[in-house]
Amino acid sequence: MLSKKGALWFYLFFVMFILFYFLACGKVVPKSINWAANFDEASKIAKSQNKNMIVDFYTDWCKWCKRMADSTFTDTSVIRFSMDYVFFKANAEKDTALAERYKVNGYPTVILANSSGEEIDRVVGYATSGEFIKYIKGYLKGEGTLADYESKVKQNPNDVELWFKLGEKYQERRLFDQAVTCFNKVVALDPTDKTEKA
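Residues numbered from 1 in each chain as written. Predicted model: local features only at pLDDT ≥ 70, side-chain atom pairs only at ≥ 80, totals over all residues. Heavy atoms only, no water.

**Student:** Requested: an account of the layout of surface pockets, with residues and values cited.
**Tutor:** Considered as a void within the structure, the largest pocket measures approximately 400 Å³ in volume. Forming the boundary of the largest pocket are 20 residues, of which Tyr135, Tyr139, Gly144, Lys165 and Lys169 lie nearest the centre. Considering every element that reaches the lining of the largest pocket, the biggest residue donor is helix H6 (residues 129-140), with six residues. Across the lining of the largest pocket, the residue classes tally to seven nonpolar, three polar and ten charged. Considering the residues around the second largest pocket, the lining is formed by 15 residues, among which Asn34, Lys51, Ser82, Tyr85 and Val86 are closest to the centre. Where the lining of the second largest pocket is concerned, the elements lending two or more residues are strand S1 (35-36), helix H2 (39-49) and strand S3 (86-91). Among the elements that take part in the lining of the second largest pocket, H2 stands out by supplying three residues, more than any other. Residues that form the lining of the second largest pocket fall into these classes: nine nonpolar, four polar and two charged. (1 Å grid on protein atoms, 1.4 Å probe; cavity = no way out; pocket = protein on both sides within 12 Å on 5 of 7 lines; lining within 4 Å. Points joined across faces, edges and corners; volume = space filled by probe spheres on them. Helix = DSSP H or I, 4+ residues; strand = E, 2+ residues; numbered from the N terminus. Nonpolar A, V, L, I, M, F, W, Y, C, P; charged D, E, K, R; others polar.)

What follows is the structure, encoded as structure tokens:
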């Protein structure tokens with residue numbers, strides 16, 4: 001049993017520990033992602049706080065959208081990660097103008113946009129929490145983006161894998177003419193399909 005003096009020291013230590021924890025962390029992690037109510041609200045918050053936006057395009061019938069909502073977006077690492085961004089969910093069948101603006105081609109599609117709403121890049125299809133965070137962090141460094149692949153193809157014009165990835169990036173944005181050009185280049189560079197990309 002602790003003496004009164006020992007209990008007082010224990011209590012002070014406990015209070016100091018809690019204070020240190022909150023000061024060191026700086027932010028209290030919420031229990032879930034704070035989704036903006038609509039795109040206009042998300043845009044206003046992003047501009048006022050100079051934060052990038054993450055827009056999750058989904059449909060009610062998409063099983064991978066539901067899985068991403070139930071696993072990726074409920075994972076504590078993604079919830080913690082979400083504190084530095086403005087998140088918004090858009091039902092692509094109801095918010096058709098927004099889906100058209102970003103040329104969404106499949107579901108789920110998650111758009112990473114700057115505070116002005118300009119697309120940086122996108123995650124198409126289901127992604128685990130680790131993959132999702134990795135993609136977003138990479139895109140913010142300029143890695144794996146459309147612009148990155150366009151640059152790499154110029155530097156390595158005979159790289160089949162780069163042409164294929166660039167074609168996929170164009171296809172995801174409904175830029176089908178550019179995608180066809182890339183895929184034709186893949187076939188021309190690998191006519192016997194050794195890379196299994198042709």
